[in-house]
Amino acid sequence: AWRGDVVAIRRSCATALKYASAVAYETMVLRKLCFALAVLAGADAFAGMAPLSRASRGSSWTTTPRGGAAGPMMAAAPLAMVVEVVIEEERVEAFKAALKIDVEGSREEEGCLRFDLLQDNDDPNKFVFYEVYKDQAAADFHKTTAHYAAWADFKAEGGVVSQSVIKAAAIDFV
């Protein structure tokens, strides 16, 4: 009798998570509930069910066939980049114009999940880009676009005092 209930509960968890993925708190609560049910019902009943990253842009859960890889399988985390630049004071307006083109174009790319440009409150010549791409291939594609060329051309013309880049896995990304 339990087996039929477990299958129904598993389907309900997958459906609920599919629609709650836009709200991080609800998703977290549902995941905890579903995994608690898995423990109560026996983890074997939920084998192959694992959360996916936002990069999938589809359902929040996937299944793997029985006999497939053991344990849950996570999708690769999106690639995040934090770029900090300091711009020469006399080039700030040209920088903002170039980045307006890059930011707007980047946000239209299928593989770009986020692109923010921030200006430091204490140093108006310091900026931070926060970029998140579906994967490395999407980040590589970004560098081939005309809107990225606006930023690359600005750099080639001079005006960047310093630049640092941090590449990271977006492991808790909403």
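Source: prediction; values computed, not measured.

*Asks:* Quick rundown of the pattern of salt bridges? Include the residues and the values.
*Replies:* One pass over the full model with this rule turns up five salt bridges. Of the charged contacts in the structure, one is a salt bridge between Glu93 and Lys96, with a shortest N-O distance of 4.0 Å. Of the two residues, Glu93 and Lys96 are both situated in helix α3 (residues 92–106); the distance of three residues between them amounts to about one turn of the helix. For Glu93, a relative accessible area of 57% gives the class exposed. Classification of Lys96 as partly exposed rests on a relative accessible area of 33%. Lys100 serves as the salt-bridge partner of Glu104, at 2.5 Å between the closest nitrogen and oxygen. In this pair, Glu104 and Lys100 both sit in helix α3, four residues apart, roughly one turn of the helix. Given a relative accessible area of 43%, Glu104 falls into the partly exposed group.

*Asks:* How would you summarise the environment of Leu79 if you had to cite specific residues and measurements?
*Replies:* Structurally, the position occupied by Leu79 is in strand β3 (residues 79–87). Setting aside residues no more than four positions away along its own chain, Leu79 makes contact with Glu131, Val132, Tyr133, Lys134, Asp135, Gln136, Ala139, Lys167 and Ala168.

*Asks:* How would you summarise the layout of surface pockets if you had to cite specific residues and measurements?
*Replies:* A volume near 160 Å³ is recorded for the second largest pocket. Lining of the second largest pocket is provided by 14 residues; of these, Val83, Glu131, Lys143, Tyr148 and Trp151 occupy positions nearest its centre. Of the residues in the lining of the second largest pocket, the class split is seven nonpolar, two polar and five charged.

So, how was this worked out
- Residue positions are counted from 1 within each chain, in the order its sequence is given.
- Per-residue local features of the predicted model are confined to residues with pLDDT of at least 70, and side-chain atom pairs are confined, for both listing and counting, to 80 or more; whole-chain, interface and lining totals are unaffected and use all residues.
- Side-chain numbers come from the whole structure's heavy atoms, not from hydrogens or water.
- For this analysis, a salt bridge means a side-chain nitrogen from Lys or Arg found within 4 Å of a carboxyl oxygen belonging to Asp or Glu.
- Runs of E in the DSSP output that reach at least two residues are strands. Runs of H or I that reach at least four are helices, and both are numbered from the N terminus.
- Three exposure classes are used, based on accessible area relative to the maximum for each residue type with a 1.4 Å probe and protein chains only: buried under 20%, partly exposed in between, and exposed over 50%.
- Contacts are assigned to residue pairs that have any heavy atoms within 4.5 Å of one another.
- Residues are called lining when one of their atoms sits within 4 Å of a cavity or pocket point, these points coming from a 1 Å grid over the protein atoms alone, where a cavity is a set in which a 1.4 Å probe fits but cannot get out and a pocket is an open set with protein on both sides within 12 Å along at least five of seven lines.
- Grid points are joined across faces, edges and corners, and a volume is the space filled by probe spheres set on the points.
- For this classification, Asp, Glu, Lys and Arg are treated as charged, while Ala, Val, Leu, Ile, Met, Phe, Trp, Tyr, Cys and Pro are nonpolar and the rest, including Gly, are polar.

Geometric values such as these leave the question of function open.
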